[in-house]
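So you can see what is in the structure, the chains are spelled out below.
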Amino acid sequence: MPATSRRSRRLRLAGRAALLILMVLVLGPTLYVFFAPDRRPLLKLPPVPGPGPYRVYVVDWGHHTSIVVEQPPGWRLGPPGREGAPFLDYGWGDRSYFMESDYRPHVLFATVFLPTASVMYLEGRRSPPRMNGGARAVFVRTVDAATLRALLTELERSFVHSPSGERAAPYPPVSGYAGRFYPANGDYLWAGACNWWTVRRLMGVGLAGNARGVFFSRQVAGRLRGFAPAGPGRFPEIR
């Protein structure tokens, strides 16, 4: 066989192998997220006092989104030292990238294409999120007590819990974060990343459309139901 023919054959084989690898990396995570069972534990939270309304926010931080909810009076779901905070900021993400700020190439590759460990982030806030607090966009709506209870149940199920129903202990405090990180349920993949998680949790209680295909934070706003931009001064700050 001539040398040029052998080279052409090797190039064709290499191209087919690269295409196969690309298909596995793209389709594999998508199929995993679509078919993986929801292994989050079932939880039963107490009734939320009063009829409401309660405020729910979705905050776009530039590449990551989080859900901020108004905590019912008397509840203590906040992190250590902020258990009774008026507002609770929930986020989910990859443990290495989100919590450990590990951006080495092999870690980033694993974060995107392989199932990796996830974490929940929980911050207790004294006041609602605002545009001048580092957010790129803030959206808000009100919900009744039953919907708030359902949403808090969805969010709390993402934490790892003990058999007795208690959250797993938080990780040690991380510099640069006011809240705390906790072990979380669910693997992190590009097809089921942090912004997908935001929409998926809201979707579970009728506050967002389908989460499929959500990857970038800018995609989240288009899936929300009943939310409006929270302009400056829309709600008074709680001190």
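Criteria and thresholds
Residues numbered from 1 in each chain as written. Predicted model: local features only at pLDDT ≥ 70, side-chain atom pairs only at ≥ 80, totals over all residues. Heavy atoms only, no water. Helix = DSSP H or I, 4+ residues; strand = E, 2+ residues; numbered from the N terminus. Buried < 20%, exposed > 50% of the residue type's maximum accessible area, 1.4 Å probe, protein only. Contact = heavy atoms within 4.5 Å. Areas by Shrake-Rupley, 256 points an atom, 1.4 Å probe, with all protein chains shown as cover. Salt bridge = Lys/Arg side-chain N within 4 Å of Asp/Glu carboxyl O. Expected span 1.5 Å × (residues − 1). Phe/Tyr/Trp six-rings, centres within 6.5 Å; stacked < 30°, edge-to-face > 60°. Polar contact = N/O pair within 3.5 Å; in protein donor to acceptor, adjacent residues only side chain to side chain. Pairing = 2+ DSSP bridges. Axes fitted to C-alpha atoms, helices over the stretch in contact; angles between N-to-C directions. Core = buried A, V, L, I, M, F, W, Y, C linked by side-chain atoms within 4.5 Å.

### Here's the deal with the overall build of the protein chain
Right, on to step 1. When helices and strands are counted, the protein chain shows 5 helices and 7 strands.
Right, on to step 2. Along the protein chain, from the amino end to the carboxyl end, the secondary structure elements read α-β-β-β-α-α-β-β-α-β-α-β.
Right, on to step 3. In the protein chain, buried positions account for 43% of the 239 residues.
Right, on to step 4. For the protein chain, contacts bridging at least 24 residues in sequence account for 71% of all contacts bridging at least 6.
Right, on to step 5. Split by element, the accessible area of the protein chain, about 12800 Å² in all, is 60% carbon and sulfur.

### Quick notes on the pattern of salt bridges
Between side chains of opposite charge, a pair can form when the charged atoms approach closely.
Right, on to step 1. Overall, the coordinates contain 8 salt bridges when judged by the stated rule.
Right, on to step 2. Arg136 is the salt-bridge partner of Asp60, the closest N and O atoms lying 2.9 Å from each other. Residue Asp60 is located in strand E1 (residues 54-60), and its partner Arg136 is located in the loop between strand E4 (118-125) and strand E5 (137-143); the two are separated by 76 residues in the primary sequence.
Right, on to step 3. By relative accessible area, which is 32% here, Arg136 ends up partly exposed.

### Concerning helix H4 (residues 145-156)
Right, on to step 1. Given a rise of 1.5 Å per residue, 12 residues ought to cover 16 Å, and the 16 Å separating the end C-alpha atoms of H4 matches this to within 8%.
Right, on to step 2. Ala145, Leu148, Leu151, Leu152, Thr153, Glu154, Leu155 and Glu156 are the residues of H4 that are buried.
Right, on to step 3. Looking at the buried side of H4, the elements it contacts are E1, strand E2 (65-70), strand E3 (87-94), E4, E5 and helix H5 (194-203).

### Comments concerning the packing of aromatic side chains
Right, on to step 1. Per the stated rule, a full pass over the model turns up 12 aromatic pairs.
Right, on to step 2. With a centroid separation of 6.4 Å and an interplanar angle of 15°, the aromatic rings of Trp92 and Trp197 are classed as stacked. Note that Trp92 is positioned in strand E3 and Trp197 in helix H5, a separation of 105 residues in sequence. The burial state of Trp92 is the same as that of Trp197; both residues are buried.
Right, on to step 3. Measuring from centroid to centroid gives 5.1 Å for Phe159 and Tyr182, while their planes differ by 85°, and the two rings are edge-to-face. Of the two residues, Phe159 sits in the loop between H4 and strand E6 (180-183) while Tyr182 sits in strand E6, which places them 23 residues apart along the sequence.

### Focus on the side chain of Gln71
Right, on to step 1. Topologically, Gln71 is positioned in the loop between E2 and E3.
Right, on to step 2. A polar contact is formed between the side chain of Gln71 and the backbone nitrogen of Leu77, at a distance of 2.6 Å.
Right, on to step 3. Here the side chain of Gln71 touches Glu83 through a polar contact of 3.2 Å, landing on its backbone oxygen.
Right, on to step 4. Beyond its immediate chain neighbours, meaning those up to four positions away, Gln71 contacts Arg76, Leu77, Gly78, Glu83, Gly84, Ala85, Pro86, Phe87 and Leu88.

### Examining the sheet that holds E4
Right, on to step 1. Taken in spatial order, the 7 strands make up an open sheet running E6-E4-E3-E2-E1-E5-E7, and their pairing is antiparallel. The two strands at the open ends of the sheet, each matched to only one other strand, are E6 and strand E7 (228-229).
Right, on to step 2. In terms of strand pairing, E4 meets E6 through 4 bridges, oriented antiparallel. Its bridge partner lying in E6, Leu122 is registered against Arg180.
Right, on to step 3. Packing against the sheet, H4 makes contact with E1, E2, E3, E4 and E5, and its axis sits at approximately 135° to E2.
Right, on to step 4. Sheet strands touched by H5: E1, E2, E3 and E4. Its angle to E2, the strand with the most contacts, is close to 35°.

### Brief notes about the pairing of E1
Right, on to step 1. With 7 of 7 residues buried, E1 lies mostly within the body of the structure.
Right, on to step 2. By the alternation rule, side chains of E1 split into Tyr54, Val56, Val58 and Asp60 and Arg55, Tyr57 and Val59, which are all buried.
Right, on to step 3. The sheet contact formed by E1 and E2 spans 5 bridges and is antiparallel. Paired with Asp60 across the strands is Thr65, a residue of E2.

### Concerning the nonpolar core
Right, on to step 1. One finds Val69, Tyr90, Leu151 and Leu202 to be the most contacted residues of the largest nonpolar core, which totals 41 residues.
Right, on to step 2. At the level of elements, E1, E2, E3, E4, E5, H4 and H5 are the ones that each hand at least two residues to this core.
Right, on to step 3. Those residues within four positions of Val69 in sequence are excluded, and the remaining contacts are Arg55, Val56, Pro86, Phe87, Leu88, Tyr90, Leu148, Leu151, Leu152 and Leu155.
Right, on to step 4. Counting residues in each nonpolar core, the second largest holds 8 residues, with Val59, Ala135, Val138 and Ala230 among its members.

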